[in-house]
Amino acid sequence: MTSAEINTCEDALRLLAAHLDRELNDHTHAEVQRHLDACRSCYSRAEFERRLKASIAALGHEPVPPELSGRVESLIRQFTVTADE
Ligand SMILES: [Zn+2]
């Protein structure tokens, strides 16, 4: 991946998962962080996903059952709708 400029929430959210997994290069990581610091909506979304990841990790190393990841995804969608209101 090349370095990306983050200009919109869409850009930030597209890179959010990789950001939380620390898979971005330093420049892009800093760009996403800069957006999160400035944008309350994306910051809430990032915090939500960070906590979600932590609680999934706390469950242990069992693979996540498909129905659970489906529920998690619909929760994220609900949360996103709520956060935009
Ligand atoms: Zn944003």
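Above this text sits the structure in question.
None of the values given here were measured: they were computed from a predicted structure. (Residues numbered from 1 in each chain as written. Predicted model: local features only at pLDDT ≥ 70, side-chain atom pairs only at ≥ 80, totals over all residues. Heavy atoms only, no water.)

> Just to check I follow, could you spell out the overall build of the chain for this structure?
A tally of regular secondary structure across the chain gives 4 helices and 0 strands. Going residue by residue from the N terminus, the α and β elements of the chain occur as α-α-α-α. Here the chain holds 85 residues, and the buried ones make up 28% of them. Residue pairs at least 24 apart in sequence account for 56% of intrachain contacts in the chain once pairs closer than 6 positions are excluded. Carbon and sulfur atoms form 53% of the exposed surface of the chain, whose accessible area is close to 6200 Å². (Helix = DSSP H or I, 4+ residues; strand = E, 2+ residues; numbered from the N terminus. Buried < 20%, exposed > 50% of the residue type's maximum accessible area, 1.4 Å probe, protein only. Contact = heavy atoms within 4.5 Å. Areas by Shrake-Rupley, 256 points an atom, 1.4 Å probe, with all protein chains shown as cover.)

> So what exactly am I meant to see when it comes to the coordination of the zinc ion here?
Each donor-metal-donor angle would ideally measure 109.5 degrees in four-coordinate tetrahedral geometry, or 90 or 180 degrees in six-coordinate octahedral geometry. Note on the zinc ion: its protein donors are C9 (SG), H35 (NE2), C39 (SG) and C42 (SG). The metal-donor distances range over 2.0 to 2.3 Å. Each of the 4 donor atoms around the zinc ion contributes to a set of angles spanning 103 to 114°, which defines the coordination as tetrahedral. In primary sequence terms, the donor set of the zinc ion follows C-x25-H-x3-C-x2-C. A relative accessible area of 13% means that H35 is categorised as buried. For C39, a relative accessible area of 14% translates into the label buried. (Donors = N, O, S within 2.8 Å, 3.2 Å for Na, K, Ca; no water. Tetrahedral: all angles 85-135°; square planar, octahedral: opposite > 155°, others 65-115°.)

> It is not clear to me how the pattern of salt bridges should be interpreted in this structure. Could you clarify?
Pairing is possible between side chains of opposite charge, provided their charged atoms come close. The full count for this structure, using the stated rule, is 6 salt bridges. Of the charged contacts in the structure, one is a salt bridge between E49 and R45, with a shortest N-O distance of 2.7 Å. One end of the pair, E49, and the other, R45, are both in helix α3 (residues 40-58), 4 residues apart, so they sit about a helical turn from each other. Taken individually, E49 and R45 each receive the classification buried, so the pair is uniform in this respect. Residues joined in a network through salt bridges with shared partners are E47, R50 and R51. (Salt bridge = Lys/Arg side-chain N within 4 Å of Asp/Glu carboxyl O.)

> Just to check I follow, could you spell out the side chain of E49 for this structure?
Overall, the relative accessible area of 14% leaves E49 in the buried class. The contact partners of E49, leaving out residues within four places of it in the chain, are L16, L20 and I76.

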